[in-house]
Amino acid sequence: MKLEKGTTISHYKILSEIGKGGMGEVYLATDTKLNRKVAIKFLSEKVSNDSTRLARFGQEAQTASALNHPNILTIFEIGLSDSLNFMVTEYIDGPTLREVIQTGNLPFEYILDIAIQIASALSAAHDAGIVHRDIKPENVIIRKDKLVKVLDFGIAKLEAVSLQVDPEGETRAQLNTEPGMIMGTVLYMSPEQTRGMQADSRSDIWGLGCVLYEMISGSPPFSGETTADIIAEVVKTNALPLIRRRPETPDYLNEIVLKALEKNPDERYQNVKDLGIDLRRVKKKLEMEEEIDRSHPPADLNDFAANEPASEQLTLTVGAETERHPVSNRQTLSGPQVLSSEMRRHKGWTAVIAIALLVMITGFGYGLYRLLAADPKTGDNHSWAIETKRLTGDGKTRSAEISPDGKFLAYSRLDGDKESLWIKQVETNSNIQVVEAGTFDRFTGVTFSRDGNFVYFDGRNTTNEAPAIYRVPTLGGTPEKFFENGQNLQFSPDGRRISFSRFGFLTTETMVMVANSDGSGERKIASLTGEQFFSTKAVWSPDGNELAVAKGDDSILPNPDESIVLVSVNDGKIRKLGDTKWGAVNDLEWHPSGDSLIIIASEYDRVPGQLWAISYPSASARRLTNNLNGHSGVSITSDGSSIVTMESYARSAIWVSPNLDPNAAKSVMPSTGDTWGFSWTPENRLVYVSDQSGATEVWIMDSDGSGAKQVTRDGVLKLVPVVSPDGRFIVYVSSEGGGQLIRIDIDGGNRVVLGKSIDPDNPDFSRDGKWIIYSAWMNGKQGVFRVLIDGTKVERLTNYVADEPRYSPDGTTFACFVLDEKGQKWNRIAIVPSAGGDPVKYLDVPVETSIRRGPIWTPDGKSITVIVSPGEEQHLYRLPLDGGTPKQLTNFGANGVARRDYSRDGKQIAIVRGEGISNALMIKGFR
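So, how was this worked out
Residues numbered from 1 in each chain as written. Predicted model: local features only at pLDDT ≥ 70, side-chain atom pairs only at ≥ 80, totals over all residues. Heavy atoms only, no water. Helix = DSSP H or I, 4+ residues; strand = E, 2+ residues; numbered from the N terminus. Buried < 20%, exposed > 50% of the residue type's maximum accessible area, 1.4 Å probe, protein only. Contact = heavy atoms within 4.5 Å. Areas by Shrake-Rupley, 256 points an atom, 1.4 Å probe, with all protein chains shown as cover. Salt bridge = Lys/Arg side-chain N within 4 Å of Asp/Glu carboxyl O. Core = buried A, V, L, I, M, F, W, Y, C linked by side-chain atoms within 4.5 Å. Polar contact = N/O pair within 3.5 Å; in protein donor to acceptor, adjacent residues only side chain to side chain. Pairing = 2+ DSSP bridges. Axes fitted to C-alpha atoms, helices over the stretch in contact; angles between N-to-C directions. Left-handed = near helix turned anticlockwise from the far one by under 90°. Nonpolar A, V, L, I, M, F, W, Y, C, P; charged D, E, K, R; others polar. Arc of directions from axis to C-beta.

Now for the overall build of the protein. In terms of helices and strands, the protein carries 13 helices and 57 strands. The burial tally for the protein puts 61% of its 927 residues in the buried class. Counting contacts in the protein only where the partners sit at least 6 residues apart, residues at least 24 apart contribute 52% of the total. Element-wise, carbon and sulfur atoms account for 47% of the exposed surface of the protein, whose accessible area totals about 35100 Å².

Enumeration over the complete set of coordinates arrives at 29 salt bridges. For Asp278, the salt bridge goes to Arg281, with nearest N and O atoms at 3.5 Å. Here Asp278 pairs with Arg281, and both are found in helix α10 (residues 272–295), just three residues apart, close to one helical turn. Classification of Arg281 by relative accessible area gives exposed; the value is 56%. Residue Glu509 pairs with Lys524 through a salt bridge whose shortest N-O separation is 3.0 Å.

Most often, soluble globular proteins keep nonpolar side chains buried together rather than apart. Counting residues in each nonpolar core, the largest one holds 52 residues, and the members touching the most others are Leu97, Ile118, Leu212, Met215, Ile216, Val257 and Leu279. Breaking this core down by element, the ones donating at least two residues are α3 (97–102), α4 (108–127), β7 (140–142), β8 (148–150), α6 (201–217), α7 (227–236), α9 (251–260) and α10. Broken down by element, the residue count for this core peaks at eleven residues, all from α4. Filtering out sequence-adjacent residues up to four positions away, Met215 remains in contact with Leu97, Ile101, Leu106, Ile111, Ile114, Ala115 and Arg246. Among the nonpolar cores identified, the runner-up in size contains 27 residues, and Val731, Ile744, Tyr774 and Ala776 belong to it.

We now examine the side chain of Ser766. Note on placement: Ser766 falls in the loop between β44 (758–765) and β45 (771–778). One polar contact links Ser766 to Asp768, side chain to side chain, over a distance of 2.6 Å. Apart from the residues lying within four places of it in its own chain, the contact partners of Ser766 are Pro725, Trp771 and Tyr807.

Here we take up the sheet that holds strand β42 (residues 740–745). Spatially, four strands are ordered β40-β41-β42-β43 in an open sheet, and the strand pairing comes out antiparallel. Since the sheet does not close on itself, it has two edges, and those belong to β40 (718–723) and β43 (752–754), each with one partner. Averaged over neighbouring strand pairs, the angle between their axes works out to 30° when direction is ignored.

Ordered in space as β48-β49-β50-β51, the four strands form an open sheet in which the pairing is antiparallel. Two strands close off the open sheet at either side, each with one partner strand: β48 (802–807) and β51 (841–844). Each neighbouring strand pair of the sheet contributes to a mean axis angle of 25°, computed without reference to strand direction. Two strands pair when backbone bridges link them, and strand β50 (residues 828–833) and β51 are joined in this way by four bridges, in the antiparallel orientation.

This brings us to the pairing of strand β36 (residues 675–680). Burial of β36 is extensive: six of the six residues sit out of reach of the surface. Taken together, the four bridges between β36 and strand β37 (residues 686–690) define a ladder with antiparallel strand orientation. Bridging across to β37, Phe678 finds its partner in Tyr688. Taking the residues between adjacent antiparallel strands as the criterion, β36 and β37 are bridged by five residues, where Asn684 takes a positive phi near 65°.

What follows covers the environment of Leu889. Its location among the elements puts Leu889 in the loop between β55 (887–888) and β56 (896–902). The spatial distance from the C-alpha of Leu889 to the C-alpha of Asp661 is 8.0 Å, given a sequence separation of 228 residues. Every residue in contact with Leu889, bar those within four places of it in the chain, is listed here: Pro662, Asn663, Thr865, Leu876, Tyr877 and Arg878.

Now for the packing of α6 against α9. Here α6 crosses α9 at 140°, and the two axes come no closer than 8 Å. The two elements α6 and α9 meet at a crossing, and its hand is left-handed. Judged by residue contacts, Ile205, Trp206, Gly209, Leu212, Tyr213 and Ile216 of α6 engage Leu253, Val257 and Ala260 from α9. Along the lines of polarity and charge, the residues of the contact of α6 with α9 split into eight nonpolar, one polar and no charged.

Turning to α9, a few remarks are in order. Those residues of α9 lying buried are Leu253, Asn254, Ile256, Val257 and Ala260. What you see down the axis of α9 is that its buried residues fit within an arc of 160°, all on one side.

Turning next to the environment of Pro107. Summarising the element assignment, Pro107 is placed in the loop between α3 and α4. Using a relative accessible area of 47% as the deciding quantity, one classes Pro107 as partly exposed. On a C-alpha basis, the gap between Pro107 and Ile216 in space is 8.3 Å, while along the polypeptide they are 109 residues apart.

Turning our eyes to something else, we now look at the pairing of β45. Looking along a regular strand, one sees the side chains alternate between the two faces of the sheet. Burial analysis of β45 places seven of its eight residues in the buried class, which makes it a mostly covered element. Sheet analysis places β45 next to strand β46 (residues 781–788), joined by eight bridges and oriented antiparallel. Within β46, the residue paired with Trp777 across the bridge is Gln782.

Structure, rendered in structure tokens:
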């Protein structure tokens, strides 16, 4: 049956079809008598002729109409017209809870609000003697005003009915949900229901417990490939604690959910009212803790730790020695931690650009934000009235700087593929655009003049041979070039001098420069080359005599290898500030008092950057934040009262196309976290790294998302897995020891470290499986290397700067990114013989890209695909090897292509799609 728009049934005028199911179709219609929109469910002819189903249809109407509650769908009438049985209900404009869950990582307050309303609806039903018996995300709709509606009381009864199960039958795949999960009422059925026993109101409590578990973790508590498998899980296996799925889950919320999921109904909540009361208590507790976090953080770090899950041990193995470092279970991994890798692998201005762009290309998962009030290194207790305030909230901010007087925020905003520069008046929330979108490709190094009259920034576009510093009046005007071949301008305290950075890609020299405030009289006061480098901007001490900057040393293994140094403005002498070594330092500022520096740093490479206060001159370190996403960029008001920093997160998932068209790809997993690389197996399965379990681990699944299985469980950051041609091995990049290539069997066993290098990346197997090619930073230069499968031999294949190699389908050559002749842009791809040497061919990338995720060959070997990133968008291009015109393959907008690869049989393509969100945050009361 198909009803056309305008068809009239009784006094209802059909507007459009809005749904279809096993019982029939659902249409949006207008009630012409009462002039309101309604939903009409029509039974199909087949169902109408089935007396059992017709009785269920009537039962649903009778049951629901007996309930009068704001959280229960209202039934207006049932009727019969021209042999069409229909039911008329209120029309709910909003998504199902299934659709809401698929957005990923819901805030706890929002989850609790939904669960409380479902509990309220069930309480009303139970008071009327009705058990719903089919609580699941599909049967809950969220209105736009956040009012929850529970529907489908079609199988509600006062007594249980038997459940007929084919133990060998397969359930149908659940669409757009976690790999390995399957859909069907059985996923939310209580143990007593699945065993055909009496079901009472406590079965609904179980169903609500399952839904609550899935809202928190993104996946149901039980899974299996067949109905029988799921039933076995439900009856025999306890659900994994939520803190294992989502580490920031409060312990008391985890306990409530597990109590609702007790196998024995007598040990479960005995009525849904008690469950609702506990949920409301948790909601109040979270609101209270949030208020405390804003005003009075814990007075002692031990008090904070007492509320944390027990810590695990992260094992770092270097040679024969093993060190152990405590890592909180709450520590998830997301975008900002990879920044440190970019800083090390691609020194200079491109590293700074990477900071602005990283959120778009990696990191996914929003963590719990906390501010600490004790020194984690010394244990000293402090008491501060910490306050935090988001200065931007649309997720499109890419860099931010507070003015010295704290009245204005300069920030860059990314819309589509164009970036613009804005000024926000902090107190009034008014915003003005000072540089139009498209004037520059991107803005970095934003800073105010000391008097606040000008905003300076590093402007970059395709016409520039090197980065240049520009300035624009704070209230708007025409940008003017201030300085050539420089970046990261900083003013001295008296405003008479400036410092800036300069970098030579071909010479790998990082330089700290000073000049007069008008740009004249420039001089180099310090420089580093080779394996030593300056990794941040240089900032003036309050007395103007020294510059603080982060210094890295890639000759040091294992990581950490960066430290804070002070450079004399007069003679360029360098002295260390303390002996602390950091995995990576992202940014730093002197506190105006001169008694400390505020830095963003990671204790270990590739973990989230946090805000730290480094006292001067003692150099003791105190951590200020514990944001699981990490931070990037820091600025401080001249009175020292406010810090502004960026907080960012993003999400991604794997999509698979049944052919070679990426536009035909469909999601095979939810965007509940980040996908840190993937590879096809010879059997066309997918090996991938995901943080869906709370840590970045290797997983394997079928190409349709089913049969997902976790392969590793050590909690160490992993990236870019690749599978050997024979399917026996997986090689991936580990963050251990400053970055290592790790080989494991396909089932996760027999772990082997392959050679030693600094930040290896993008491994790929030779076609005979004997070698693994990869890129790494060594001896002061980024290059391409290969290592034997047993790790006994490492060879350097390029004596020029090169990155992200990938073998051709026939294995005779590899493609890699190389710098242009002037060493400023990664806008060329070189085709190199598989044994290394000089390139035999070059291809120009149509748009300069900061996303070097390997130049992937098409299956026929005639073209190479690259990802280019104009602004926040990430498009896939195909570059013909014969020099033909590059072709853009995708245009997904912000939710673009972050990774891609073709199946081994050359018939499918898988892509990773994701988008990032970042905002400016102000912190006060930190001292």
